[in-house]
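Chain and residue survey
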Amino acid sequence: MSDLEQLTQALARNLKRWRGERGFTLDSLAVRAGVSRGMIIQIEQARTNPSVGTTVKLADALGVSISTLLDYDRGPQVRIVPPDQTVRIWSSGAGSSTTMLIGTDERGPMELWTWHLVPGEGTESVPHPSGTIEMLHVTAGDLTLVVGEEEFRVPAGAAATFEANLPHSYRNDGSVPMEMTLAVSVPPVSPPVPAAAHAPARDDRP
């Protein structure tokens, strides 16, 4: 089985598992994530390999890290991820890439990424749930960070943090490759409240 097939199978298995644990129906998850019901069915049946944006939306809606959706095997206390077991999420023909190094779901999902952008390339991210925080450290080159409608230059050696509930993107407008480490912290997801919980209290008074 190829790496892509293993990734597709893991995503299918873990999406179904976490949807069940969160108590989401196909329809409720579709509404919460902004992903069609048909797409979720195809993913759970391992019939499609979704885009990064779709995977992020589903992870955010379920309140888990992307690494949890891709691989649920983890140790009880310490988890070591060798370099050959990190997950390449996105890459371009020119050589840019983003790699998920590790993730956890304790007290809300947290992810650690490494980014490599060649000159002239960039990538966009959909808004995350309110309360999501991203922190980054540029180690080489210059990053152009766009949050909402504002652009920010983050040079090598500098760090930045921002609330990621707005559309945001990362670009390399410079002439040398840009390298950065990125951490994402997502707030925990509250499970859906059963319909019975919304029923008015019974009044037994005469």
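Throughout what follows, the structure given in this document is the object of discussion.

1. So, the overall build of the protein chain
Within the protein chain, the regular secondary structure consists of 5 helices and 10 strands. Looking at the protein chain as a whole, 39% of its 206 residues qualify as buried. Long-range pairs, those at least 24 residues apart, make up 63% of the contacts in the protein chain between residues at least 6 apart in sequence. Roughly 11,500 Å² of accessible area belongs to the protein chain as shown, and the carbon and sulfur atoms make up 53% of that amount.

2. Describing the sheet that holds strand 7 (residues 150-155)
Pairing within the open sheet is antiparallel, and its 4 strands lie in the order 4-9-6-7. Each edge of the sheet is formed by a strand with only one pairing partner; in this case those strands are strand 4 (122-125) and strand 7. Adjacent strand axes in the sheet meet at a mean angle of 15° when their direction is disregarded. Two elements, strand 6 (residues 142-147) and strand 7, share 6 bridges in a ladder whose sense is antiparallel. Paired with aspartate 142 across the strands is proline 155, a residue of strand 7.

3. A look at unusual backbone geometry
Not every positive phi belongs to a glycine, and alanine 46 is a case in point at roughly 55°. Residue placement: alanine 46 occurs in the loop between helix 3 (37-44) and helix 4 (52-62). On the basis of relative accessibility, which here comes to 22%, the residue alanine 46 falls in the partly exposed class.

4. Some details on the packing of helix 2 (residues 26-33) against helix 3
As a packed pair, helix 2 and helix 3 sit with axes 9 Å apart at the nearest point and diverge in direction by 110°. It follows from the interaxial angle that helix 2 and helix 3 lie roughly perpendicular. In terms of crossing hand, the pair formed by helix 2 and helix 3 is right-handed. Between helix 2 and helix 3, the contacting residues are Leu26, Asp27, Leu29 and Ala30 on the first element and Arg37, Ile40, Ile41 and Glu44 on the second. Here the contact of helix 2 with helix 3 is composed, by residue class, of 5 nonpolar, no polar and 3 charged.

5. Digging into the side chain of asparagine 14
Along the polypeptide, asparagine 14 turns up in helix 1 (residues 3-22). On the basis of relative accessibility, which here comes to 2%, the residue asparagine 14 falls in the buried class. One polar contact links the side chain of asparagine 14 to the main-chain carbonyl oxygen of leucine 69, over a distance of 2.9 Å.

The rules behind the values
- Residues numbered from 1 in each chain as written.
- Predicted model: local features only at pLDDT ≥ 70, side-chain atom pairs only at ≥ 80, totals over all residues.
- Heavy atoms only, no water.
- Helix = DSSP H or I, 4+ residues; strand = E, 2+ residues; numbered from the N terminus.
- Buried < 20%, exposed > 50% of the residue type's maximum accessible area, 1.4 Å probe, protein only.
- Contact = heavy atoms within 4.5 Å.
- Areas by Shrake-Rupley, 256 points an atom, 1.4 Å probe, with all protein chains shown as cover.
- Pairing = 2+ DSSP bridges.
- Axes fitted to C-alpha atoms, helices over the stretch in contact; angles between N-to-C directions.
- Parallel < 35°, antiparallel > 145°, perpendicular 65-115°, else oblique.
- Left-handed = near helix turned anticlockwise from the far one by under 90°.
- Nonpolar A, V, L, I, M, F, W, Y, C, P; charged D, E, K, R; others polar.
- Polar contact = N/O pair within 3.5 Å; in protein donor to acceptor, adjacent residues only side chain to side chain.

So, to be careful, I would describe these as geometric facts and stop short of saying anything about function.
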